[in-house]
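# Secondary and tertiary structure notes
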Amino acid sequence: MGKITRDRFLRVMAVSLLAVLPLAGAVAPASAARIENRVAVFSGIDKITGRITSFDVYLNETVQFGALQVTPKVCYSRDDTEAQKIDAFIEVDEITLDRKIKRIFTGWMFADSPGLNAVEHPIYDVWLTGCKQESDVPAPTAASKTN
């Protein structure tokens, strides 16, 4: 066996690289496609009674929980092959004692970090627990017409 020259080494490397490049294009990049869901699932606590309630809300529907009105705008999850990262964009309004509506929260909630962006109110707390396509709760007429 002879000594490998610099030029021979570079030619071997170039040929090896050319042989591998087509295979690199065949491997799809990893992606966790978000699934858009029609229903956001929340839990809420009434701090006076200590009662925790779970409730479903269709997108763009407003549901009242105590003095709070909860409106999800989007709710994303991942398919079963990916780690679930459930997030939703939510608007929450409070109905004050003088019957005015005051926005107390607008933003993203994350089901795997409920304390990160949960709605904290003196009497009620609300947090996202999941997303799903269907609910046992009948869809509002506007949501049922979109699909």
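Residues numbered from 1 in each chain as written. Predicted model: local features only at pLDDT ≥ 70, side-chain atom pairs only at ≥ 80, totals over all residues. Heavy atoms only, no water.

## Remarks on the sheet that holds strand 8 (residues 119-120)
Taken together, four strands build an open sheet; the order of strands is 3-2-9-8 and the sheet is antiparallel. What marks the edges here is a single partner per strand, and that holds for strand 3 (51-58) and strand 8. Across eight bridges, the pairing between strand 2 (residues 39-46) and strand 9 (residues 124-132) is antiparallel. Bridged to Phe 42 within strand 9 is Leu 128. (Pairing = 2+ DSSP bridges. Helix = DSSP H or I, 4+ residues; strand = E, 2+ residues; numbered from the N terminus.)

## Concerning the environment of Leu 128
Mapped onto the secondary structure, Leu 128 falls in strand 9. As a C-alpha pair, Leu 128 and Gly 115 span 13 residues in sequence and 9.9 Å in three-dimensional space.

## Let's talk about the packing of aromatic side chains
All chains considered together, the criterion is met by five aromatic pairs. Plain terms: the ring middles of Phe 65 and Tyr 124 are 5.5 Å apart, the flat faces sit at 75° to each other, and that makes the pair edge-to-face. Residue Phe 65 is found in strand 4 (residues 63-65), and its partner Tyr 124 is found in strand 9; the two are separated by 59 residues along the sequence. Phe 65 gets classed as buried once you look at its relative accessible area, which sits at 10%. Take Tyr 124: its relative accessible area is 14%, and that puts it in the buried class. Arranged with centres 5.4 Å apart and planes meeting at 70°, the rings of Phe 89 and Trp 108 form a pair that is edge-to-face. In this pair, Phe 89 sits in strand 6 (residues 87-95) while Trp 108 sits in strand 7 (residues 101-110), placing the two residues 19 residues apart along the sequence. Classification of Phe 89 as partly exposed rests on a relative accessible area of 23%. Overall, the relative accessible area of 32% leaves Trp 108 in the partly exposed class. Each residue in the set Phe 42, Phe 55, Phe 65 and Tyr 124 is aromatic and connected to the rest through ring pairs, giving one cluster. (Phe/Tyr/Trp six-rings, centres within 6.5 Å; stacked < 30°, edge-to-face > 60°. Buried < 20%, exposed > 50% of the residue type's maximum accessible area, 1.4 Å probe, protein only.)

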